[in-house]
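Secondary and tertiary structure notes
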Amino acid sequence: MRKHSAWKFVGLAGLAGVAATGVAVVRSERRRRAYTPDDVRIRLHQRVAAIADAAPVVSLSAAQPERFRRVRRIVGKSFQLVRRG
Amino acid sequence: MAEPLSLADAVELTRTGDLWLFRGPSAADHAIRVFTNSPVNHVGMAVVLEDLPPLMWHAELGHSQLDVWSGTYHRGVQLHDLRGAAITWMERYHQSVWLRQLHAEVTPEMEDALLTEIAREDGTPFPAILALAGRWAKGRIRRPADVEASYCAEVVAGTYQAMGLLADNRPANWYDPGRFWSGDHLELLQGARLGEEITVLGALPEPPRTGLRRR
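Structure report, in brief. Quick caveat, the model's predicted, so the values are computed rather than measured.

**Regarding the overall build of chain A**
Counting its secondary structure elements, chain A contains four helices and zero strands. Across the 85 residues in chain A, those meeting the buried criterion constitute 13%.

This is the structure:
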């Protein structure tokens, strides 16, 4: 059992303290600029818009439930027959 | 050797997916901790993108801080400037704060999943305290509850799930803040690992002691 888990195990973790035993791991440097909250909001919305644009276009047949696909197959076949006829 | 970090250093160090854990002195804080069998009562997640300032993704009852996704002030699920949020929680709510670093490679796909989650969940109202207890109880018996009202652990769990860090075999409302404390065992996917708690020091002196054991 890990060191804090005893508290959890006996149901008294709510009364326990947090033993801060973590050691900070340094991360690679990051570029940072000063942004206004409006700039932050615009940048976030631009990124989400870019995700939506980049999302693969789902073909109709794959997106439709089975029964719609069947209907489309039948409609498609009849259409071919009509054309051939 | 476990050294505490200043808030400035913690803000500089934190990266996407890191957890920020909080423990406060109010009766509601105590109730949450006793009820969820955990020494922490709140959890938020760092969102650190490109050269933007670090942001805090979490759900809170307060509405004193600007939500940088919606550009408004509201309760519930919010995206804040992380430094400002930490200061609010330390100074206004007298909370102790810990950082848990996420050791995982956060790919562009994971960032996209995170942003999609923010776009979808931001602004979800915080449930009333009784509803909150009900949700938690429902989560315990593994029935997905109404997604309308998410709260802090649920937001973090849902976001970890969207990013593929946490399996989605449990509904997000099964999680409570204590699940994100190192005394619990959170099974992360993709070889991800969470470091243990690092104390983040506030600028103000310690809040008044409450008689309960604190370290």
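**What about the interface of chain B and chain A?**
Counting residues at the interface gives 41 residues for chain B, matched by 32 residues for chain A. Secondary-structure elements contributing two or more residues to the side of chain B that touches chain A are helix 2 (27–36), strand 6 (96–100), helix 4 (108–121) and strand 9 (198–201) of chain B. Looking at the side of chain B that touches chain A element by element, the count peaks at four residues for helix 4 of chain B. Classifying every residue of the side of chain B that touches chain A by side-chain character gives 18 nonpolar, eleven polar and twelve charged.

**Here we look at helix 2 of chain B**
Residues and elements named next belong to chain B. Three or more residues of helix 2 are buried, namely Asp 29, Ile 32, Arg 33 and Thr 36. An end-on view of helix 2 places all buried positions within 95° of arc, on one side of the element. Considering only its buried residues, helix 2 is in contact with strand 2 (19–23). Just downstream of helix 2 lies Asn 37, where phi reads positive at about 55°.

**Overview of the sheet that holds strand 3 (residues 42–47) of chain B**
Residue and element names in this part refer to chain B. In spatial order, the strands read 1-9-6-2-3-4-5; together these seven strands make up an open sheet with mixed pairing. Of all strands in the sheet, those bounded by a partner on one side alone are strand 1 (5–6) and strand 5 (76–81). Direction of pairing for strand 4 (residues 55–60) relative to strand 5: antiparallel, over a ladder of six bridges. For Trp 57, the partnering residue across the bridge sits in strand 5 and is Leu 79.

**Structural notes on the packing of helix 2 (residues 37–54) of chain A against helix 4 of chain B**
Taken N-terminus to C-terminus, the directions of helix 2 of chain A and helix 4 of chain B make an angle of 110°; their axes are 10 Å apart at the nearest point. Looking at the two axes, helix 2 of chain A sits roughly perpendicular to helix 4 of chain B. Considering the relative orientation of helix 2 of chain A and helix 4 of chain B, their crossing is left-handed. For the pair formed by helix 2 of chain A and helix 4 of chain B, the contact residues are Leu 44, Arg 47, Val 48 and Ile 51 of chain A on the first element and Asp 112, Leu 115, Thr 116 and Ala 119 of chain B on the second. Considering only residue class, the contact of helix 2 of chain A with helix 4 of chain B consists of five nonpolar, one polar and two charged.

**Quick notes on the nonpolar core**
Residue and element names in this part refer to chain B. One finds Trp 20, Leu 21 and Val 156 to be the most contacted residues of the largest nonpolar core, which totals 59 residues. With seven residues, the top contributor of residues to this core is helix 6 (residues 152–162). Setting aside residues no more than four positions away along its own chain, Leu 21 makes contact with Val 40, Val 43, Trp 98, Arg 100, Phe 180, Trp 181 and Glu 197.

**What about the pairing of strand 9 of chain B?**
All names here are of chain B. As paired strands, strand 1 and strand 9 are joined by two bridges and run parallel to one another. Its bridge partner being in strand 9, Ser 6 is matched across the sheet by Leu 201. Sheet analysis places strand 6 next to strand 9, joined by three bridges and oriented antiparallel. Bridge pairing in strand 9 places Leu 99 opposite Ile 198.

Reading the values: the criteria
Residues numbered from 1 in each chain as written. Chains lettered and ligands numbered in written order. Predicted model: local features only at pLDDT ≥ 70, side-chain atom pairs only at ≥ 80, totals over all residues. Helix = DSSP H or I, 4+ residues; strand = E, 2+ residues; numbered from the N terminus. Buried ≥ 20, exposed ≤ 12 C-beta atoms within 10 Å, placed from the backbone. Contact = placed C-beta atoms within 7 Å. Nonpolar A, V, L, I, M, F, W, Y, C, P; charged D, E, K, R; others polar. Arc of directions from axis to C-beta. Pairing = 2+ DSSP bridges. Axes fitted to C-alpha atoms, helices over the stretch in contact; angles between N-to-C directions. Parallel < 35°, antiparallel > 145°, perpendicular 65-115°, else oblique. Left-handed = near helix turned anticlockwise from the far one by under 90°. Core = buried A, V, L, I, M, F, W, Y, C linked by C-beta atoms within 7 Å.

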